[in-house]
Every structure is written in C-alpha cells, then in structure tokens.
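# Overview (structure and organization)
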Amino acid sequence: MELCDLPAHQLSKLLRDRKVSAEEICRSVLQRIDEIEEKTRAYITLDGENALEQARRVDRRLREGADLPPLAGIPVAVKDNICTKGLRTTCASKILADFIPPYNATVIERLAAVDAVIIGKTNMDEFAMGSSTENSGFFPTRNPWDYSRVPGGSSGGSAAAVAAGETIYALGSDTGGSIRQPAAFCGVVGMKPTYGAVSRYGLVAFASSLDQIGPLTKDVTDCALVLNAIAGYDPRDSTSAPGEKTDYTRFLKEDIRGLRIGIPREYLGEGLDDGVRRVVEKACAVLEDAGAEIAETSLPHSAYALPTYYLIAPAEASSNLARYDGVRYGYRARDAKDVVDMFKKTRSRGFGAEVKRRIMLGTYALSAGYYDAFYLKALRVRTLIKRDFDEALATFDALLSPTTPTPAFLLGEKIDDPLKMYLSDIFTLAINLAGLPAISIPGGFVDGLPVGVQFIGKPFAEGTLLRVAYAFEKRTGYTSRRPGLGR
Ligand code: GLN
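About the criteria used
Residues numbered from 1 in each chain as written. Predicted model: local features only at pLDDT ≥ 70, side-chain atom pairs only at ≥ 80, totals over all residues. Heavy atoms only, no water. Helix = DSSP H or I, 4+ residues; strand = E, 2+ residues; numbered from the N terminus. Buried < 20%, exposed > 50% of the residue type's maximum accessible area, 1.4 Å probe, protein only. Core = buried A, V, L, I, M, F, W, Y, C linked by side-chain atoms within 4.5 Å. Contact = heavy atoms within 4.5 Å. pLDDT = per-residue confidence, 0-100.

Omega for the bond connecting Gly 153 with Ser 154 falls within 30 degrees of zero, at 10°, which places this linkage in the cis form. As for its position among the elements, Ser 154 is in the loop between strand S3 (117–122) and helix H5 (156–164). Not every positive phi belongs to a glycine, and Ala 128 is a case in point at roughly 70°. Here Ala 128 shows up in the loop between S3 and H5. Positive phi outside glycine occurs at Thr 133, with the angle close to 70°.

Since the α-helix turns once every 3.6 residues, residues separated by three or four places project in the same direction. Turning to helix H4 (residues 106–113), its buried residues are Thr 106, Val 107, Ile 108, Arg 110 and Leu 111. Following H4 by one or two positions, Asp 115 has its phi on the positive side, about 60°.

Judged by nonpolar contacts, the single largest core of 147 residues is most densely connected at Phe 127, Leu 287, Phe 389, Ile 439 and Leu 466. The biggest single contributor to this core is helix H7 (residues 220–230), with 8 residues. Not counting the four nearest positions on each side in its chain, Phe 127 is found in contact with Cys 91, Ser 93, Ile 95, Leu 96, Val 204, Phe 206, Leu 321, Tyr 324, Phe 351 and Val 355. Listed in part, the 5 residues of the second largest apolar core include Val 150, Ala 408, Phe 409 and Met 421.

Confidence in the prediction of the protein chain, expressed as mean pLDDT, is 97, and 100% of residues score 70 or more. Of all secondary-structure elements in the protein chain, the lowest mean pLDDT belongs to helix H13 (residues 418–423), at 92, while strand S2 (residues 75–79) reaches the highest, 99.

Listed below in structure tokens is the structure:
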C-alpha cells in the first residue's frame, strides 16, 4: 500500500509523528493520478501545483510547532458542482465549461479553515442528474474495481478517486442517492447528512429541497472527521439547521449492544440481486452477533418514492436551471438573431439530453392545469413517505437496507433506458424525500465487486449511524480492501 491508499486519520497521525510530510502525501496522490487517471477519468480539473503549495505550507507550520486539526495537509477532491473560488466549476456541463466562481462554497471555506489540500474537481453526471457519471457533458468515469463498469453517480468521480487512491477523501452531493450509490459501487464510505446539517451555500442547486453535501471516505473514522469539519450552522443558507457543533468522533465506539435496527421489508423485495441480498443477510448476522436487536419493519409507501422523486426533483430543477440563459453565466450562443433565439440556441447546445429531459418533465409538472395533479400530489405523497420513516424510527434506532439493488453495472448497460437507470436509486431516494441522514458502507463483495449496505437514521442522528457503521467496519474489515487497479 502507498500513502495514497491510507485513510486520513492514519496519515494525520504519521504527519504529526513526523514520519511523513504533507508534501509526500500529496506527491503520492499525484503520482497515483499520473498512473491511472487515464483509465478512471475521475477528474475534470486538476490543481496539482496549487495542492503541493498548500501541502508545503502545512509542512512549514508543523515545523514551526503549530497544532493543526486532523485534516490539515490531507488531500481532498471536490465534486465539480461545489463552487471553488478561482477554480473552474463546471457541473460537468458544457453550459458551465468555462465558469470560474468568484466565491467559495461554505464547505470549501470550512475545509480551508482546517488546512485541507484541494487536489481538484471531480467528474459527475451533468448537474448531478444521473446514476453512472455517463451523463457527464465531457466523458464518463470508470470504476476502479473493474474499468468496464460505471462508478455510479452522480458523484462518480469523487467515489472512484477515493477508491483508487487518487485522493484521500472527497466531497459529493446527494439529491436522491448520488453520494451513497457511487460509494456502494466503488467500495467506499459515503454519507448523506440530514437536510440542513451541512450548508448548501455555494452548491450549484439541482433540487433545493433534496440536495445535501456529504463526505466520501475510505473508512468510517474519516467520515466522522470530515463531518466534523463541514457540518454546522451557516447563516448564508436559509435551510441550515441552527445548533451546537458536535464532535462526531465520540460516536466511534464498537459497542452496539441493545441498539434496535429495523429492516424495511419493502427494501428486500423483487428486483434485488441475490448476491446483494446475501450481503444484507450477512450484515444482519454480524450486527446481531455484536448485540444489536434486529427485526423486520415496513415502509408501506415505498413504491411511490420513485415517481414522487421524479416529479419533485425535476420540478425544482426546471426552476433552478432557468438561470442558465447565456446572459449571466457560462456559455452563450453567438450566432443568434435576437434574444429569444439566443436563449434557445444557448440552452439547446449547452445542456445534455438528460438535463433537457428533466427540465421538460419539471416544467410540465409545474404548468397551469397540471400543477395540482402532479406537483401538489407529489408533495402530499412525500409527506406520507416521511411519515412511514417517522413511524419506523419511533421503534428503531436505525434502519438497514441494501444501498443499491445490484453491484456496479457495465458502461452503456442502462444509458438508453432512463427508467432502468432511475431504478438504481430505488433504495436511496426516499431518504432524501424524508430529509433523513443515511450512510453507505462496504458490506461485502459479489463476484469481486463491492456491495454497499445502508443505515438510515432519525433527523440529526448522524452519530448513531457512525456508531453502527463503525461497529460493523471493525467486525468485517471491508473498508480496508483496495482495488487492484489492473496494474
Ligand atoms: N440518480 C438520481 C437522479 O438522477 C439522484 C441524483 C443525485 O442524487 N444527485 O436524480
């Protein structure tokens, strides 16, 4: 194993003990990028020189005896829909291909405050719409466990980079599964925090009532450390939850005796791959062995989550994406006859097929005469879905499910069938509709491919999720496996 294969907390200790320098860690990551980036294509923009500069600055401060936070000097990759001042932020869209933000997202400022080293911006499905990174307006990313397969999406570049050692950890965003599903496909840990737990200021909006930023890490301890750095109230995000800062590392205890974990029966039904089902059954056995109480529960409105999501998310997207008109941001068609023609040409050329599909679906759902029948109805069903979770979580401390119905699929396998693609988020999207926190962690392997298990918690119970995930990790060790990378 190279330095770039280690989790942040181990590197942080080596750094403090003066066994390695931040520059060496950064060089290890950049070397791995040199070796395999042409196969994974995890990054849209690399910022290696700047990263080395930041690393050397941390080294200087350590030499001067400064007491730096745990993520200081550790490389991080950032999904390309999170604004980085002076560093191109494209959302993997041609319409923003040359967009350089004049400000930092709050999460970027918080990472800067702990002296993190930003390596670059990762590939994604255009505007985070997709489940495979094949909807990137530039190129697809490939899964480091098997280059013929997708890394998942939309935070596929972030997940692939963490798995392949092309960064130590990464930030992603999750609107319907975009952190957890790629984390599952790439064998890493991914958390979607409670809605409001992490500031969305500077996250390019897809569906504002569902979007959350969260960590993708090599293990559970790193997930807690990253959450420590990025979570907490931000007055610049009106949906940010007020409250005291929490130290999430205090939940990293192996003892889960007496913890009640519910298994929603709807999440183990038809369409679930047999291998994935076995992984979930084994996970239950591991947790029971550790003293948790496991019982079946039910989320009766589960079947409505997908249609509800695909009304609400596109409706919000159609409104959020109206701002890309060639006037204020990014690409503008230069050969237009008049202003309406300019809007038309800019948007026709700038957006990819999936983004256009979502804008049309959303505009339709919000249009006069259909608003009540589609959008309003979907909002009502969203409340029913949320109630299911409230009821289940009144009896249980957490719920356990597969993260995805199958392991990573082949590139091209679902690209011509949007419904099939949408179904790969069947176990993750309801959680966004309910605003709850959830974590995906490696739960086992099927035919050499990683499979994720998902824990779902009560609002702001990220600590409970970390506790059960940590106990599971300690008893299984799957998070220490790394892909062979075909080298
Ligand atoms: N795959 C889902 C979609 O396409 C979720 C995406 C996300 O979470 N950003 O909308």
